[in-house]
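Working through the structure, step by step
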Amino acid sequence: MGYLLLATNNQAKVREYRSLLENIPFELVTLAERGITTVVEETGDSLEENARLKAVLLAGESQLLSLADDSGLEVDALGGEPGRLSARYAGEGASDRDRISYLLKRLEKVPWDIRSARFRCVIALAMPGGEVNLCSGECRGFITFEPKGGGGFGYDPVFYLPELGKTMAELSLEEKNRVSHRGQAARKARQLLEKMALNLPA
Ligand code: ITT
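Residues numbered from 1 in each chain as written. Predicted model: local features only at pLDDT ≥ 70, side-chain atom pairs only at ≥ 80, totals over all residues. Heavy atoms only, no water.

1. Focus on the site of the ligand
Close contacts around the ligand come from 20 residues, with Thr8, Lys13, Lys54, Asp156 and Lys176 the closest. The side chain of Glu42 places a nitrogen or oxygen atom 3.1 Å from an oxygen atom of the ligand. Taking Asp156, its side chain carries an N or O atom lying 2.6 Å from a nitrogen atom of the ligand. If the ligand stood free it would expose 610 Å²; the protein chains cover 91% of that surface. The cavity where the ligand resides is the largest pocket. (Near = heavy atom within 4 Å. Polar contact = N/O pair within 3.5 Å; in protein donor to acceptor, adjacent residues only side chain to side chain. Areas by Shrake-Rupley, 256 points an atom, 1.4 Å probe, with all protein chains shown as cover. 1 Å grid on protein atoms, 1.4 Å probe; cavity = no way out; pocket = protein on both sides within 12 Å on 5 of 7 lines; lining within 4 Å. Sits in = over half its atoms within 2 Å of the grid points.)

What follows is the structure, encoded as structure tokens:
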């Protein structure tokens, strides 16, 4: 069985992928397990470009099939912000809590019915030789007025799912994976990986 490198430094993403990609025909390995400390500069203009950048660079470095994701929150009332800058919103060195406070401040006077938003995730699967496949997923919701719930990561405590009546951070890992942007993208990636393992064209 070949290896699949989870090319992310975000441990919460690693946790989600370990569950989402359970029983795929590849053995999952992390950057830490391979002793890789490379941090890829996210210089692309889109989630697609940045996912590709991360996966290609780390596939080249590790010589392993590599999965990277670039993901972000897009808030309609903020014209799609923070988008691909989601991890850097509120400045370098800011925490999840700082980013949430900054976002809520920006939305202070925005009423509930126009606090709509979506999470987007683009997964890039890169072969060491440079071939790349992309898969994407999105999940719609509303930004709450205050954080709620202790699960997940990032903006999950302020991302409310109307169909479930809960924030993303109030869901278990399995429940989040069932509805999330990353869950949807990962189910497509799983199909590609199953074909790759059989040497079928992706
Ligand atoms: P890697 O690049 O190493 O994978 P990262 O955390 O920097 O880790 P991104 O560049 O893709 O990852 O930034 C994604 C940011 O978007 C993340 O730090 C969160 O702030 C937000 N985000 C993405 N997916 C999320 C999710 O499922 N729940 C909450 N916030 C999320």
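Having seen the model, we can carry on.
2. Overview of helix α2 (residues 47-62)
At 3.6 residues per turn, the α-helix brings residues three or four places apart onto the same side. Taking 1.5 Å of rise per residue, the 16 residues of α2 would be expected to cover 22 Å, and the 22 Å separating its terminal C-alpha atoms lies within 8% of that figure. For α2, the complete set of buried residues consists of Leu47, Asn50, Ala51, Lys54, Ala55, Leu58, Ala59 and Ser62. Down the axis of α2, the buried set is contained in an arc of 155 degrees. They therefore lie on one face. On the buried face of α2, the contacting elements are β1 (2-6), α1 (11-20), β3 (65-75) and β5 (116-126). Positive backbone phi, at 60 degrees, marks Gln63, one or two positions downstream of α2. (Helix = DSSP H or I, 4+ residues; strand = E, 2+ residues; numbered from the N terminus. Expected span 1.5 Å × (residues − 1). Buried < 20%, exposed > 50% of the residue type's maximum accessible area, 1.4 Å probe, protein only. Arc of directions from axis to C-beta. Contact = heavy atoms within 4.5 Å.)

3. Examining the pattern of salt bridges
Enumeration over the complete set of coordinates arrives at 20 salt bridges. Among the salt bridges present, the one from Asp69 reaches Arg182, with a minimum N-O distance of 2.7 Å. Linking Asp69 in strand β3 with Arg182 in helix α5 (residues 181-197), this pair joins segments that are 113 residues apart in sequence. For the residue pair Asp69 and Arg182, the accessibility class agrees, reading buried in each case. Here the salt bridges share partners, and the residues they tie into one network are Glu48, Glu74, Asp76, Arg118, Arg120, Glu138 and Arg140. (Salt bridge = Lys/Arg side-chain N within 4 Å of Asp/Glu carboxyl O.)

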